[in-house]
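# An overview of the molecular structure
Below are the chains, spelled out letter by letter.
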Amino acid sequence: MAAGKTENLMTEGSVRQKMIRFAIPLFVGNLFQQMYNAVDSLIVGNFVGSTALAAVSSTGNLIFLLIGFFNGMATGEGVVIAHCIGAGEHARTQKAVHTAAALGIVISILMTLVGVLGTPTFLRWMGTPDTVMPEAVLYLRIYFAGVTGLVLYNTFVGILQAAGDSRHPLYYLIISSLANVVLDLLFIAVFHMGVAGAALATVLGQVLSAVLSFWQLARDRSDIHLSIQKIRMERELLARMIRIGIPSGLQNSIIGLSNVVIQSYINSYGEMAMAGIGAYSKIEGFAFIPITSFSLALTTFVSQNLGAGKKDRVREGVRFGTAAGIFLAVAVGALVDIFATQLVGAFDSTPEAVAYGVARARIVCPFFCLVAFTHLMAAILRGYGKATVPMVDFLVCWCVVRILIIAVGGQFIHSIGLTYWVYPITWVLSSVSLFVYYRREEKTLLAQKL
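A quick note: this is a predicted structure, and the numbers were derived from the prediction, not measured.

Okay, the environment of Lys443 next. Mapped onto the fold, Lys443 is located in helix α17 (residues 417–447). Through-space distance from the C-alpha of Lys443 to that of Arg362 is 40 Å; in sequence the pair is 81 residues apart.

This is the structure in structure tokens:
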């Protein structure tokens, strides 16, 4: 790395300090990223109404299903770049950066076409009620028309984070999130554009964050410098990115697919269930931020140190990152459980909607430690380049088992509570299986080369 950039490397210095310094900006950044959807819901719920809130909330799982796959590709790009940086391969790092940028452009084009053209069909498959269908279609089509900003932002930020830089992504997220809040109020409260205004505000905020992160890479003078003229795909590096990225993307899509099936079951209970559980889902998005932050930190840490051949440092980072992530998940879960009524009510004060959201919180919050452990184990394995293992685990536990519980159990248990319990049950299964695999294969993983 160029002079002045070595402080971002995670291969030297205190493991705890490096990981915490990396994770804190990620935490704050993810907090502001959650504001995109949360502010939409807060303003829509309070200025437009429950029907519009149901329309916006019902699109969340579908967005995660489609975008989750391409974000997983960005994870694969980051793992390869971080490994090159840790190994001190300067020329290959440059090639990897420009390959990632080229892949991000291709992905953004595909995402736009799939999202805009497929929106009505996807929503019908989910059983979206006719009362919210027009607004849900409008919101999603605007969102996907501008999804290039989100895809390229995640690509560029993945490059920065692979180099150990989590501060600049934080700055740009703060700026774009604040812009999103202002635009939400302007479009919805002043111009009365409804869900279209919420979608447009989100899109413009994402485009702004993509532009800022590109500007940072373009002016960077280290190995991660990005030049438009050099953007092209290098076959061998592209193959490695795809080998790690596709399983990571499928893992995200698997989660999204199971949630879409569950959302379809929730939709059958009407607008109040959709609004209340959708509001809780926004809160859960915030609650999982500590987990997400340490997961990203662990993936980068393991990748860089494995590339540098520092096995003892990898072990120490895994132990600390896992313990810290679980501790934070337990603390946040307790807070959400205690203040569930007030938190759900902030999105929609309708008593029936609040009751649905609080009921969901009471069931799942005590099990946050398990979902934390699952995500942390998956992140560690991705850092080792073993993205297929968590993908298969999530396919079985988070998709097949969940769908079976809803499809079969729903024939005997006619209660929306079934959609609450399906999460803790599958978190238990996933945690146990990933732990057993990691303990059995740890020595082999440390001895490998990515």
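Turning to the side chain of Asp223, a few remarks are in order. Assignment of secondary structure puts Asp223 in the loop between α8 (194–219) and α9 (235–267). Although Asp223 lies buried, it forms no salt bridge, and the closest oppositely charged side chain, Lys230, sits 10 Å away as judged by the N-O distance. At a separation of 2.7 Å, a polar atom in the side chain of Asp223 contacts the side chain of His90.

Attention now goes to the packing of helix α12 (residues 311–338) against helix α13 (residues 340–347). Orientation of α12 relative to α13, taken along the N-to-C sense of each, is 70 degrees, at an axis distance of 4 Å. It follows from the interaxial angle that α12 and α13 lie roughly perpendicular. Along the contact surface, α12 presents Val336, Asp337 and Ile338, while α13 presents Ala340, Gln342 and Leu343. Looking at the contact of α12 with α13 residue by residue, the classes come out as 4 nonpolar, 1 polar and 1 charged.

Glancing now at the nonpolar core. With 74 residues, the main nonpolar core has Tyr280, Phe368, Tyr384, Trp427 and Tyr438 as its most contacted residues. When residues in this core are grouped by element, the largest group, 10 residues, is from α17. Among the nonpolar cores identified, the runner-up in size contains 36 residues, and Val56, Ile67, Ile107 and Leu238 belong to it.

The next subject is the pattern of salt bridges. A side chain of one charge can pair with a side chain of the opposite charge if their charged atoms are brought near each other. Per the counting criterion, the structure on display carries 7 salt bridges. Close ionic contact of Arg92 with Glu89 constitutes a salt bridge, the shortest N to O distance being 3.4 Å. What makes Arg92 partly exposed here is its relative accessible area of 27%. Its salt-bridge partner being Glu236, residue Arg92 comes within 2.9 Å of it at the nearest N-O pair. Taken together, the positions of Arg92 in helix α4 (residues 90–125) and Glu236 in helix α9 put the pair 144 residues apart, joining distant regions of the chain.

Criteria and thresholds
Residues numbered from 1 in each chain as written. Predicted model: local features only at pLDDT ≥ 70, side-chain atom pairs only at ≥ 80, totals over all residues. Heavy atoms only, no water. Helix = DSSP H or I, 4+ residues; strand = E, 2+ residues; numbered from the N terminus. Buried < 20%, exposed > 50% of the residue type's maximum accessible area, 1.4 Å probe, protein only. Lys, Arg positive; Asp, Glu negative; His and termini not counted. Salt bridge = Lys/Arg side-chain N within 4 Å of Asp/Glu carboxyl O. Polar contact = N/O pair within 3.5 Å; in protein donor to acceptor, adjacent residues only side chain to side chain. Axes fitted to C-alpha atoms, helices over the stretch in contact; angles between N-to-C directions. Parallel < 35°, antiparallel > 145°, perpendicular 65-115°, else oblique. Contact = heavy atoms within 4.5 Å. Nonpolar A, V, L, I, M, F, W, Y, C, P; charged D, E, K, R; others polar. Core = buried A, V, L, I, M, F, W, Y, C linked by side-chain atoms within 4.5 Å.

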